[in-house]
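Coordinate analysis (summary)
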Amino acid sequence: SGVGGWPGFHCSNSWLWCAIHRCVPCCCCDWLVNICQRKRELKARTVWLGYPEKCEEKHPRNSIKNQKYNVFTFIPGVLYEQFKFFLNLYFLVVSCSQFVPALKIGYLYTYWAPLGFVLAVTIMREAIDEFRRFQRDKEVNSQLYSKLTVRGYVLYYSLQNQRIPSDMVFLRTSEKAGSCFIRTDQLDGETDWKLKVAVSCTQRLPALGDLFSISAYVYAQKPQLDIHSFEGTFTREDCDPPIHESLSIENTLWASTIVASGTVIGVVIYTGKETRSVMNTSNPKNKVGLLDLELNQLTKALFVALVALSVVMVTLQGFVGPWYRNLFRFLLLFSYIIPISLRVNLDMGKAAYGWMIMKDESIPGTVVRTSTIPEELGRLVYLLTDKTGTLTQNEMVFKRLHLGTVSYGADTMDEIQNHLRNPYSQVTQSSAPKVRKSVSSRVHEAVKAIALCHNVTPVYEPRAGMTGEAEYTEADQDFSDGNRTYQAASPDEVALVQWTESVGLTLVSRDLTSMQLRTPSGQILTYSILQMFPFTSESKRMGVIVRDESTTEIMFYMKGADVAMSSIVQYNDWLEEECGNMAREGLRTLVVAKRALTEEQYQDFESRYSQAKLSIHDRALKVAAVVESLEREMELLCLTGVEDQLQADVRPTLEMLRNAGIKIWMLTGDKLETATCIAKSSHLVSRTQDIHIFRPVTNRGEAHLELNAFRRKHDCALVISGDSLEVCLKYYEHELVELACQCPAVVCCRCSPTQKAHIVKLLQQHAGRRTCAIGDGGNDVSMIQAADCGIGIEGKEGRQASLAADFSITQFKHIGRLLMVHGRSSYKRSAALGQFVMHRGLIISTMQAVFSSVFYFASVPLYQGFLMVGYATLYTMFPVFSLVLDQDVKPEMAMLYPELYKDLTKGRSLSFKTFLVWVLISIYQGGILMYGALLLFESEFVHVVAISFTALILTELLMVALTVRTWHWLMAVAEVLSLGCYVASLAFLNEYFDVAFITTVTFVWKVSAITVVSCLPLYVLKYLKRKLSPPSYSKLTS
């Protein structure tokens, strides 16, 4: 059933068409949106369970909407986007003027046909893009979920690895502990799994069916942006006394997160636009390329020239008669200075570039979703990238174990297995404290510590056939190694435990009070868990106190970051150096240590610890102080190195982008240490560069001091956290952005989705350069939509980013070819095409000006009706459009020398300087063609038209040949075809041409002479320029 306005939900079927992400209204103008769609006021709500009569409140539709328009706004929206451009608006006015008899020049179709064609092409292209968006949304919105609807309220039932469809309060899970893990990387970019706890009142119900017989309600605060907080209450009324439970963030399941363990049942509180993930996503905007804006400026310059020329003509006429009417007629006569075909040619060019990108076999699976901005790929200066899933695969692999005197890498892990197979060394610490331990016993100790000091739980899937939440017994489970998976909040911890399994020491079971390890010989070792000290971002370490059941030894194990552990462990001379070495390899390091406790020491600790936990004032400080009393003189066991595997070819790709002059910023929701580590391992920050870690700041004074400290650094990468960034932007926005823009690389960690988009907008405002954002998760959508050019990667974590992006790729490494080859050639081709089309209009306007001035400034058209339409379409369109196939260097060269890309960011291919050169060429050629024809024509005016028009067509075809840098067979076909069309059409154009005269030798030599004079000097100049000042690309190809 559809997800209408929903908790009425009178549907009884158990499946639901359901959406996961967004609902975006977008109209042609903002004011229209505000009038049409009054913003719903966000309110707190109460969701009733077991009170069908109270379920009146309507919620927003729970569907994703990436479309820009709806049925009513499509035509007005597209027309507004078109006539927003000066070029099209000007032609609309010119075409409308032809309905006034006094201003009419020639036939109506000469003006309306090109304009109608432009609009038809544009509307069709937008309609196709919009329909594709609609289809993609429909595909995502038709995912099926189990829905349990009883007595008026709705519960969702989500299985393992299924996405949560809307924001819910977590009522029940199949996991015995009453909690489950969820993955949130699509929401906040963090790789750690989050532990969520079911509402204890509903989790304790004996059977699933009892959920439908209770009477209760959930009170939830009004929807808000913050994904890390929630306040609510759960009240059960059908028992005495009523049960009240407070709800916090750990009782919620936000939309776009994924269930990592077990099955969950939740009651829906927010849907559609009110979900946290949608509120953190911005509306899509219509993106306009820089090239289009530059051409728009040039058309305004042409318009000024057009008015000036018309005024000069009327002035030379002497303002006789109704001069203002003559002025307007001149404006119409010279209107070809601004070519209507410019937009058609460019739009068709964009479509061609999109097709070439999608057909490129070197980057398979690439999709162009916004066909209007392929040239933007050639102008980028800033690339803002996500980390998780974009640069990294988010798969941890254990790479290195260092014991101080000996180090084990991937190729020597079998030695560790051999050590573990030998029985435990007989040397114990108590009997011989001074005897140096053998390597074997140290390996034993280190591996055992890694296998015990963690928060990992082994999970066994129920046997096939067991579904739902049936209370399965131990016998129903399959305890074989192949059926075991590990769950933990951090993928690093899972990697460590998987590694101990691979070398022979396996974690086989764990609950709240004990865990069991299996040795290589099959012996089971049982340990009681006496205390757990979880990892926090402040302490940067975690610990566990365990008792070995066989020997009753009590051991305190601890692992953590080197900065936290170096002061805790006994003095040593290798830890700091080795941590540095591993960090340079891009490994994430953990220091593992232990301390043996006597029974008395432990009992003393426990009593102090319990007391501290009960204190009302400064509880956290007192607890930390008690734990720290244990953290002294610990024995350093080993240093581990875990690698977060990078995506394929990330290093060479980043290197190529840097050489191309692109500055790379990494924006991630992950922790500072992780982000810094990946920045080093991916060579985002080169080995020789310093890294300035921006200290946490909370107020204006601290921000000022820290910015001054950063200002004194030169050529170093910046690492800053989202909180500090927020403070700095509040007080010193301009200074921070200015300093950051000078850095070779910037890493922003702990960034929320809205912060990512904000950083993109700041760069656009302050730097004024083109930005590109690339990401793979739902948390990157805002950033992708805010950037001038958004690229989405189709990752393992869903397609949300790739659907919202302008370009979708399958691997990060493809961005190299997309920018260096396709971006570069799209921009250079469009620049050449745009200027050539303008030249085509200028040359005919120059001829008209010469013609009018010779014939006493008469406002009479030189070429009538079909000649004008044919000139802009049939006779010259194919050769001119074939410029979209031109290339200055081969793709392999462009990839090998990314420095070529750097030239483009200066915008030299299309500027007022190059435009001026084309204007001068047009004036020279137009003058030669017209004066030549006037000098050589015989007695009749009809010969002027025949000679000048034929010479004009030949000149245009020769100019295309002059502009081309690398010939393609289709270009030659286009030239020959156009010439053939013109010669063939001469037979039918009796009203313009004298067929008898055209076939004479006189006509041929006169046309040839004029054409040679108009083109030969340009060929000579081009040859000299290439010899004396060759462009950078020609040095590579020669």
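The rules behind the values
- Residues numbered from 1 in each chain as written.
- Predicted model: local features only at pLDDT ≥ 70, side-chain atom pairs only at ≥ 80, totals over all residues.
- Heavy atoms only, no water.
- Helix = DSSP H or I, 4+ residues; strand = E, 2+ residues; numbered from the N terminus.
- Buried < 20%, exposed > 50% of the residue type's maximum accessible area, 1.4 Å probe, protein only.
- Contact = heavy atoms within 4.5 Å.
- Areas by Shrake-Rupley, 256 points an atom, 1.4 Å probe, with all protein chains shown as cover.
- Lys, Arg positive; Asp, Glu negative; His and termini not counted.
- Charge placed at Lys NZ, Arg CZ, Asp CG, Glu CD.
- Pairing = 2+ DSSP bridges.
- 1 Å grid on protein atoms, 1.4 Å probe; cavity = no way out; pocket = protein on both sides within 12 Å on 5 of 7 lines; lining within 4 Å.
- Points joined across faces, edges and corners; volume = space filled by probe spheres on them.
- Nonpolar A, V, L, I, M, F, W, Y, C, P; charged D, E, K, R; others polar.
- pLDDT = per-residue confidence, 0-100.
- Core = buried A, V, L, I, M, F, W, Y, C linked by side-chain atoms within 4.5 Å.
- Patch = residues over 30% accessible without salt bridge, like charges linked within 9 Å, V, L, I, M, F, W, Y side chains within 5 Å.
- Salt bridge = Lys/Arg side-chain N within 4 Å of Asp/Glu carboxyl O.
- Expected span 1.5 Å × (residues − 1).
- Phe/Tyr/Trp six-rings, centres within 6.5 Å; stacked < 30°, edge-to-face > 60°.
- Arc of directions from axis to C-beta.
- Axes fitted to C-alpha atoms, helices over the stretch in contact; angles between N-to-C directions.
- Parallel < 35°, antiparallel > 145°, perpendicular 65-115°, else oblique.
- Left-handed = near helix turned anticlockwise from the far one by under 90°.
- Disulfide = S-S within 2.5 Å.

**Looking at the overall build of the chain**
Assigned secondary structure in the chain consists of 35 helices and 33 strands. By principal-axis analysis of the C-alpha atoms, the chain measures approximately 125 × 70 × 60 Å. Buried positions account for 56% of the 1038 residues belonging to the chain. A fraction of 75% describes how many contacts in the chain between residues 6 or more apart in sequence connect residues 24 or more apart. For the chain, the exposed surface amounts to about 44400 Å²; the carbon and sulfur share of it is 59%. The centroid of the 104 positive side-chain charges in the chain is displaced by 6 Å from the centroid of its 101 negative side-chain charges.

**Points about the sheet that holds strand 15 (residues 380-385)**
In spatial order, the strands read 14-33-32-31-15-27-30-29-28; together these nine strands make up an open sheet with mixed pairing. Only two strands of the sheet have a single partner each, and these edge strands are strand 14 (367-368) and strand 28 (690-693). Relative to strand 30 (residues 745-749), strand 27 (residues 663-667) runs parallel, the two sharing four bridges. By the bridge assignment for strand 30, Ile664 is matched with Ala745.

**So, empty space enclosed by the protein**
The final tally for this structure, using the stated rule, is nine cavities of 30 Å³ or more. Each pocket or cavity is described by its volume, and for the largest cavity that value is around 230 Å³. For the lining of the largest cavity, the secondary structure elements donating two or more residues are helix 2 (74-83), helix 4 (109-141) and helix 10 (341-359). No other element matches the five residues that helix 4 contributes to the lining of the largest cavity. Tallied by class, residues from the lining of the largest cavity come to four nonpolar, five polar and 11 charged.

**Topic: the confidence of the model for the chain**
Segments scoring low in pLDDT should not have their predicted coordinates read at a detailed level. For the chain, per-residue confidence averages 84 on the pLDDT scale, and residues scoring 70 or more make up 90% of the total. No element of the chain has a lower mean pLDDT than strand 1 (residues 15-18), which averages 32, and none a higher one than strand 15, which averages 96. Across residues 1-38, where pLDDT falls below 50, the model places 114 contacts with residues more than four positions away in sequence or in other chains. Residue range residues 466-476 is modelled with pLDDT below 50. Its contacts to residues more than four positions away, or to other chains, number 15 contacts.

**Things to note about the sheet that holds strand 7 (residues 193-197)**
Pairing in this open sheet of three strands is antiparallel, and the strands run 7-6-12 from one edge to the other. Here the strands that pair on one side only, and so sit at the sheet edges, are strand 7 and strand 12 (258-259). With two bridges connecting them, strand 6 (residues 179-183) and strand 12 associate as antiparallel partners. Each residue of the ladder has a partner; that of Ile182, found in strand 12, is Val259.

**A closer look at the nonpolar core**
One finds Ile791, Phe807, Ile815 and Leu819 to be the most contacted residues of the largest nonpolar core, which totals 95 residues. At 12 residues, the largest contribution of residues to this core is made by helix 25 (residues 814-854). Apart from residues lying up to four places away in sequence, Leu819 is in contact with Leu377, Leu380, Leu657, Ile662, Arg824 and Tyr901. In this structure, Met396, Ala449, Tyr486 and Tyr557 belong to the second largest nonpolar core, which totals 42 residues.

**Quick notes on a nonpolar patch on the surface**
On the surface, a nonpolar cluster with roughly 850 Å² of combined accessible area is contributed by Tyr107, Tyr109, Phe866, Leu874, Phe878, Trp969, Leu970, Val973 and Leu977. Here the nonpolar patch takes four residues from helix 32 (residues 969-985), the largest share from any one element. Tracing the sequence through the fold places Val973 in helix 32.

**Comments concerning the layout of surface pockets**
As a volume, the second largest pocket reaches approximately 1500 Å³. Along the walls of the second largest pocket sit 32 residues, with Thr914, Arg965, Lys1025, Pro1031 and Tyr1033 positioned nearest its centre. Contributions of two or more residues to the lining of the second largest pocket are made by helix 25, helix 29 (899-904), helix 30 (912-936), helix 31 (941-963), helix 34 (1001-1028) and helix 35 (1032-1037). For the lining of the second largest pocket, the leading source of residues is helix 30, giving six residues. Of the residues that constitute the lining of the second largest pocket, the class distribution is 16 nonpolar, seven polar and nine charged.

**Points about the side chain of Gln531**
Tracing the backbone shows Gln531 in strand 22 (residues 524-533). When near neighbours in sequence (up to four residues on either side) are disregarded, Gln531 contacts Gly543, Val544, Ile545, Tyr602, Phe605, Glu606 and Tyr609.

**What to know about helix 8 (residues 290-317)**
The end-to-end C-alpha distance of helix 8 is 41 Å, a good match for the 40 Å that 28 residues give at a rise of 1.5 Å each. All of the buried residues along helix 8 are Leu291, Asp292, Leu295, Asn296, Leu298, Thr299, Leu302, Leu306, Ser310, Met313, Val314 and Gln317. Lining the buried residues of helix 8 we find helix 3 (86-97), helix 9 (323-333), helix 10, helix 25 and helix 30. Of the residues flanking the end of helix 8, it is Gly318, one or two places downstream, whose phi is positive at about 95°.

**Section: the packing of aromatic side chains**
Counted under the stated rule, the structure contains 29 aromatic pairs. Taking 5.8 Å as the distance between ring centres and 45° as the angle between the ring planes, the aromatic pair formed by Phe99 and Trp112 counts as tilted. Pair noted here: Phe99 is in the loop between helix 3 and helix 4 and Trp112 is in helix 4, with a separation of 13 residues, a long-range link. By relative accessible area, Phe99 is classed as exposed at 54%. On the basis of an interplanar angle of 50° and a centroid distance of 5.9 Å, the ring pair of Phe949 and Tyr982 is categorised as tilted. With a gap of 33 residues between them, Phe949 in helix 31 and Tyr982 in helix 32 connect regions that are remote in the sequence. An identical accessibility class is assigned to Phe949 and Tyr982; each is buried. Through successive ring pairs, a cluster of aromatic residues spans Tyr863, Tyr871, Tyr875, Phe949, Tyr982 and Phe993.

**Structural notes on the pairing of strand 27**
Counting buried residues along strand 27, four of its five residues qualify, which places the element largely inside the surrounding structure. Across four bridges, strand 15 lies against strand 27 in parallel orientation. Each residue of the ladder has a partner; that of Thr385, found in strand 27, is Met666.

**A word on helix 11 (residues 413-421)**
Count 3.6 residues to each turn of an α-helix, and residues three or four apart come out pointing the same way. For helix 11, every residue scored as buried is listed here: Met413, Ile416, His419 and Leu420. Seen from one end, helix 11 has its buried residues packed into an arc of 110°, which puts them on one side.

**So, the packing of helix 21 (residues 722-741) against helix 22 (residues 753-767)**
The relative placement of two packed helices is expressed as an angle between their axes plus a distance between the axes. Direction vectors running N to C along helix 21 and helix 22 enclose 25°, while the axes themselves pass 10 Å from each other. Classified by the angle their axes make, helix 21 and helix 22 are roughly parallel. When you trace helix 21 past helix 22, the crossing you get is right-handed. Of helix 22, the residues touching helix 21 (which contributes Gly722, Asp723, Leu725, Glu726, Leu729, Glu733, His734, Val737 and Cys741) are Gln755, His758, Ile759, Leu762, Leu763, Gln765, His766 and Ala767.

**Here's the deal with the packing of helix 3 against helix 4**
Put simply, helix 3 and helix 4 touch, their axes get as near as 9 Å, and they point 145° apart. In this structure, the crossing between helix 3 and helix 4 has a hand that is left-handed. Every residue of helix 4 that contacts helix 3 at Asn88, Phe91, Leu92, Val94, Ser95 and Cys96 is listed here: Tyr111, Trp112 and Leu115. For the contact of helix 3 with helix 4, a count of residues per class yields seven nonpolar, two polar and no charged.

**Focus: the pattern of salt bridges**
One pass over the full model with this rule turns up 34 salt bridges. With a shortest N-O distance of 3.8 Å, Arg369 and Glu794 are connected by a salt bridge. Taken together, the positions of Arg369 in the loop between strand 14 and strand 15 and Glu794 in the loop between strand 32 (789-793) and helix 24 (800-804) put the pair 425 residues apart, joining distant regions of the chain. Given a relative accessible area of 9%, Arg369 falls into the buried group.

**Some remarks on the pairing of strand 25 (residues 588-597)**
Along strand 25, eight of the 10 residues are buried, which leaves the element largely enclosed by surrounding structure. One ladder, built from seven bridges, connects strand 24 (residues 554-560) with strand 25; its direction is antiparallel. Across the sheet, the residue bridging to Gly560 is Val591, located in strand 25. When strand 25 meets strand 26 (residues 635-646), the two strands line up antiparallel, connected through seven bridges. Looking at the pairing, Val592 lines up with Cys638 of strand 26.

**Concerning the state of the cysteines**
Applying the stated criterion across every chain yields a total of zero disulfides. Sulfur of Cys741: no disulfide; nearest cysteine sulfur belongs to Cys743 and is 8.6 Å away.

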